[in-house]
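This is what each chain is made of:
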Amino acid sequence: MRDPEPADGGFPNPPSGASNALAAEPSAYLRQHAGNPVHWQPFGDAAFAAAAARDVPVFLSIGYAACHWCHVMAHESFEDQDTADYLNAHFVSIKVDREERPDVDAVYMTATQAISGEGGWPMSVFLLPDGRAFHAGTYFPPRPMPGRPSFRQVLDAVSEAWTERRGAVEANAATLARGIAASQPAAALRLDRPPEALEAALLGEAVAALSGAEDQAHGGFGGAPKFPPAAVLEFLIRHAAMPPAGAPDTARPDTASPESVSPDTVSPDTATAARDMAGRCLAAMSRSALFDQLDGGFARYSVTADWSVPHFEKMLYDNAQLLRVYVHWVRLGGTPEYPAAEAAGIAGLTAGWLLARLGLAPAPAAGPATGPVTGAATGAETGPDAGVVALASSLDADTVIDGVHAEGASYLWTPGGLESLLGPADGAAVAALMNVRMPGSVSADGSPLHPRREVSGEDAALWQRVRPLLAQERRNRPQPGRDDKVVAGWNGLAVAALADAGAVLARPELVAAAERIADYLDRVHWRPAARGLGRLMRVSHDGAARGIGGLLEDYALCAEGLFALYGVTGHTRWYELAEAILDAACRRFAADGGLKDAAGESAQVTAAQGGRDGLEPFDGATPSGAAALAGALLTSSALSGSSEHRTLAANILASLLPPLAVRAPRAAGWLLATAQAALAGPIEAAVAGPDTPERAALHRELLLSASPGLVVAVQDDGAAPPVPLLRGRGAGPDGAPQVFLCRGMVCDLPTHSVEGMRGQLARMSS
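Presented here is an overview of the structure given in this document. One numbering rule holds for all chains: residues counted from 1, following each sequence as written. Reporting of local features is limited, given that this is a predicted model, to residues whose pLDDT is at least 70; pairs of side-chain atoms are given and counted only at 80 or more, and all residues count toward the totals for whole chains, interfaces and linings. Think of the side-chain values as coming from all heavy atoms in the structure, minus any hydrogens and water.

This part is about the overall build of the protein chain. Within the protein chain, the secondary structure is distributed over 25 helices and 25 strands. As defined in this context, the radius of gyration uses C-alpha atoms, and a globule is described by 2.2 Å times the residue total to the power 0.38. Here the C-alpha atoms of the protein chain give a radius of gyration of 26 Å, agreeing with the 27 Å that 2.2 N^0.38 yields for 766 residues. If you line up the protein chain on its principal axes, its C-alpha atoms span 90 × 70 × 55 Å. Buried residues in the protein chain amount to 59% of all 766 residues. In this description, contact between two residues means that some pair of their heavy atoms is separated by no more than 4.5 Å. In the protein chain, 71% of the contacts between residues at least 6 apart in sequence involve partners at least 24 apart. Note that accessible areas follow from Shrake-Rupley with a 1.4 Å probe, and for residues the cover is restricted to the protein chains shown. Of the accessible surface of the protein chain, which amounts to about 27300 Å², a share of 53% is contributed by carbon and sulfur atoms. Both charge centroids of the protein chain, one from 59 positive and one from 85 negative side chains, sit 1 Å from each other. Note on conventions: DSSP H or I runs of at least 4 residues are helices, E runs of at least 2 residues are strands, and numbering of each starts at the N terminus. Buried means the residue's accessible area, taken with a 1.4 Å probe over protein chains only, is under 20% of the maximum for its type, while exposed means over 50%, and partly exposed covers the values in between. Just so you know, the count uses Lys and Arg for positive and Asp and Glu for negative, and it drops His and the chain ends. For charged residues, the charge sits on one atom: NZ in Lys, CZ in Arg, CG in Asp, CD in Glu.

For Phe, Tyr and Trp, rings pair up if their centres lie within 6.5 Å, where Trp contributes its six-membered ring, and each pair is then called stacked (planes under 30 degrees apart), edge-to-face (over 60) or tilted (otherwise). With the rule as written, the count across this model stands at 22 aromatic pairs. Note on F78 and F151: the rings are 6.0 Å apart at their centroids and 80° apart in plane angle, and the pair reads as edge-to-face. Of this pair, F78 sits in helix α3 (residues 68-78) while F151 sits in helix α6 (residues 151-164), placing them 73 residues apart in sequence. What makes F78 buried here is its relative accessible area of 1%.

Two cysteine sulfurs form a disulfide in these notes if their separation is within 2.5 Å. In total, this model carries one disulfide according to the counting rule given. For C67, the disulfide goes to C70, at an S-S distance of 2.4 Å. Around the S-S axis, the bridge from C67 to C70 shows a dihedral of about 80° and counts as right-handed. Of the two residues, C67 and C70, both sit in the buried class.

Once that is clear, we can look at the nonpolar core. Grouped together as the largest cluster of nonpolar side chains are 187 residues, with contacts concentrated most on L236, M285, Y326, L595, I652 and L657. In contact with Y326, not counting residues within four places along its chain, are L282, M285, S286, F298, Y338, A343, I346 and A347. Only buried residues count toward a nonpolar core, which is a set of Ala, Val, Leu, Ile, Met, Phe, Trp, Tyr and Cys residues joined through side-chain atoms within 4.5 Å. Core analysis: the next-biggest nonpolar cluster, separate from the first, contains 25 residues, I94, M109, A133 and V605 among them.

Pairing within the open sheet is mixed, and its five strands lie in the order β1-β3-β2-β4-β5. On the outer flanks of this sheet lie β1 (41-42) and β5 (133-137), each paired with one strand and no other. Lines fitted to C-alpha atoms define the axes, with helix axes restricted to the stretch in contact, and inter-axis angles between N-to-C directions lie between 0 and 180 degrees. Taken strand by strand, helix α5 (residues 102-116) contacts β2 (58-63), β3 (92-97), β4 (123-127) and β5, and its axis lies near 80° from that of β5. Only strands joined by at least two bridges in the DSSP assignment are considered to pair.

Time to look at the environment of R465. Note on placement: R465 falls in helix α15 (residues 457-475). Spatially, the C-alpha atoms of R465 and V96 are 46 Å apart, while their sequence positions differ by 369 residues.

Let us look at the pattern of salt bridges. Salt bridge criterion: a side-chain nitrogen from Lys or Arg within 4 Å of a carboxyl oxygen from Asp or Glu. With the rule as written, the count across this model stands at 34 salt bridges. For the salt bridge of R98 with D105, the shortest nitrogen-to-oxygen distance reads 3.4 Å. Of the residues examined, R98 reaches a relative accessible area of 17% and is grouped as buried. Take D105: its relative accessible area is 6%, and that puts it in the buried class. Put simply, R287 and E342 hold a salt bridge, and the shortest N to O gap is 2.8 Å. Linking R287 in the loop between α10 (268-286) and β8 (301-302) with E342 in helix α12 (residues 340-357), this pair joins segments that are 55 residues apart in sequence. Per residue, the accessibility class of R287 equals that of E342, and both read buried.

Another aspect to go through is the sheet that holds strand β22 (residues 683-688). Pairing is mixed across the open sheet formed by four strands, whose spatial order is β23-β22-β24-β25. This sheet does not close on itself; its edge strands, each paired only once, are β23 (710-714) and β25 (746-747). Where β22 and β23 come together, five bridges link them in parallel fashion. Pairing of E684 across the sheet is with V711, part of β23. The sheet contacts of helix α21 (residues 625-640) involve β22 and β23, and relative to β23 the element is tilted by about 45°. Of the strands in this sheet, β22, β23 and β24 (738-743) are in contact with helix α25 (residues 754-765), which crosses β24 at around 0°.

For the rest of this paragraph, the subject is the side chain of D103. Relative to the elements of secondary structure, D103 occurs in helix α5. What makes D103 buried here is its relative accessible area of 11%. Of note is the side chain of D103, whose polar atom sits 2.9 Å from the side chain of R101. In this view, D103 contacts I548, L551, A598, E601 and V605; residues no more than four positions away in its chain are not counted. Here a polar contact is taken to be a pair of N or O atoms separated by no more than 3.5 Å, where protein atoms must pair a possible hydrogen donor with a possible acceptor and residues adjacent in sequence count only if both atoms sit in side chains.

Inspection of the secondary structure assignment puts G550 in the loop between β21 (544-549) and α18 (552-569). Under the relative-accessibility criterion, G550 is labelled buried at 2%. Along the backbone, G550 and R538 are 12 residues apart, and their C-alpha atoms lie at a distance of 4.1 Å.

On to the packing of helix α17 (residues 508-525) against helix α19 (residues 572-589). For the pair α17 and α19, interaxial distance at closest approach is 12 Å and the crossing angle is 40°. The angle between α17 and α19 falls in the class oblique. The element α17 and its partner α19 pack so that their crossing is left-handed. Contacts between α17 and α19 involve E515, A518, D519 and D522 from the former and R573, W574 and L577 from the latter. Charged means Asp, Glu, Lys or Arg here, nonpolar means Ala, Val, Leu, Ile, Met, Phe, Trp, Tyr, Cys or Pro, and polar covers whatever is left, Gly included. The residue inventory of the contact of α17 with α19, partitioned by class, reads three nonpolar, no polar and four charged. We call two directions roughly parallel when the angle between them is under 35 degrees, roughly antiparallel when it is over 145, roughly perpendicular when it lies between 65 and 115, and oblique otherwise. Definitions for this section: a left-handed crossing has its near helix turned counterclockwise from the far helix by less than a right angle. A right-handed crossing has that turn clockwise.

What follows is about the pairing of β4. For β4, the buried fraction is high: five of the five residues fall into the buried class. Where burial is concerned, the two faces of β4 agree: the one with M123, V125 and L127 and the one with S124 and F126 are both buried. With five bridges connecting them, β2 and β4 associate as antiparallel partners. Bridge assignment links L60 to a residue of β4, and that residue is V125.

For the rest of this paragraph, the subject is the pairing of β22. For β22, the tally of buried residues reaches six of six residues, placing the bulk of the element in the interior. Relative to β24, β22 runs antiparallel, the two sharing six bridges. Looking at β24, one finds that E684 is bridged to C742.

So, about unusual backbone geometry. With an omega of 5°, the peptide bond running from W121 to P122 counts as cis. On the secondary structure map, P122 appears in the loop between α5 and β4. Here G681 and P682 are connected by a cis peptide whose omega angle stands at -10°. For P682, the position within the fold is in the loop between α23 (669-679) and β22. Look at D542: it is not a glycine, yet its phi comes out positive at around 55°. Using a relative accessible area of 32% as the deciding quantity, one classes D542 as partly exposed.

In this section: helix α2 (residues 45-54). Within the span of α2, buried status applies to A47, F48, A51 and R54. Across the axial projection of α2, the buried residues extend over an arc of 130°, all falling on one side. Along α2, exposed side chains directed more than 90 degrees from the buried face belong to D45, A46 and A53. Once α2 finishes, D55 follows within two positions and takes phi at roughly 60°, a positive value. An arc is given here, and it is the one of the directions from the helix axis to the C-beta atoms.

Following this line, the structure appears as structure tokens:
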């Protein structure tokens, strides 16, 4: 490749009005690039039509607001006028927020990995005007580096190939698209046939496979970089809660195991292994720099195997999932090595962080609009009692100081800085406790707080004394920016987590926050239809939904959250909304006996994957759409009695899980967790009768149960008709509330007491 030269006049007269078109986009990541001299366009038909009209390729750049290296490449290349002139002359440049368009991200990530052997963000892909990829990479520097060409060298090479070897370029794009089509699992998944049995032994084998991949020294799985495995942890907790094989089956003479799973107990060895693995990982993460020891909340991942150096962006989807997992660990009872009480503290801090740092309140006199367009997340805008109506997507990894992006700058400390703030004795003690040394672990003079062990005894007293001072000092620093777009599926995850946390931690304000977020999803994101399909919108900003319709994951995760919220509150509104969204998902994404992640939102995405529908079976940062749908369908079948939903869930599990459970369990956590719930029954609990303290005690006992397949319905006196599980069931002969425990819509005799229900539930679970 030749060295970069000033841009030539490849397209000397751009069309009238050609300019950067990102200023009004709902994505903060796109708006961050609105001031670039590059003539960025959002992903859409207009941009691809412009490329076809000009007969130039498309340069597609994919990233997200909290991505450090995305900021680096933007500063080095996209803010450079000469580079921008070259791009504007030879390409149509499209910017994509991977969080807003995961369907676009997924197909072009597959292409990037096939072409370059690596994947990540920023992603740099070159496309034909119909959307098919022909060249790709990730970060390209402004000057050549060993093993990596400069961005200008790549642009020159692509432009030369487009001009001189067009036939080869188009042939490569066609071959790649066919290869992506052949790799799609959607064609192999069939939902219109009787499900095959899913053997319980498969889940034990998955636990054994995870045990082989565990980092027992540091917790978690694999080496660096190390990500918090939320879905896998949920599976391990559910597996640990299952009764051991050989337990007497005296409670269910009339409730045979469903045909989709067999049998319904686990090995004591795998249950213990699952509990120990989950405990080690949860303890290691919460006692590390991955967890913000001052403010709460988890960073996206650690660049070291021991969780000591986080990559500092903090995402809604991570923290919503981890909040729920820590709450479920509390419900399980913990272990001596990682007590439930310690995990409850982590859960409480994480819930507080979600609402204080990502919470969006209605704008004054502007209806449902959310808070500022962009800006630092100071925590002053909202809090648990400030009327949060929705949650923003993320906090940046970087803090901008004097115009320079500094990764993690808000979170770093030095021994000298601690002594100046706290005094020599306390400063030195805190530096030793939190592993703050010189040189720093992140930069030459900065380290995050990383206790590496439980803080107890005198250390705990010290920490409680100095923590407010440290927190105030950090609030006085420049803060990372916040991406204020609201993503439907991620807010669905948060609804479930906050509802469960409020119930288990006895914090009703968290349940109230979950209801406000659910109401926002209903008012802003859900578009019901009097006839035909309702539609869920994926993204909103300033209280208005914009852009594409929701993807499968959005529908499924919103339904999951609403079902969880119904189980905690008993408010039938949330059950009805969950069923409406789930019905729309089945009709939109599961038509004709197959399943797909997107409903044809972009012809270019379809072309890039060879004309096939895409379906990603693997969990990413969030549960896969297919796995999330299976979980929501299973819950719906328990509440509604829908055999169709139960069969759909069983088909998804039987089609996708067996090839992944042992070979790739770390990528199938939510499928495994859903299979564990299916194995447990699910057990259906109908709480009927008047709303009295006695009924509240029965309901709370159910919410504190760790049974992985327990689904709770609560009588709502203001609702007509009731949830199907409650039909024909009411108060006892004396007018007292009672609980019906059921499996497969066949119920045991009702019970009126917490003690009787506890014993009945234990027998039914075993």
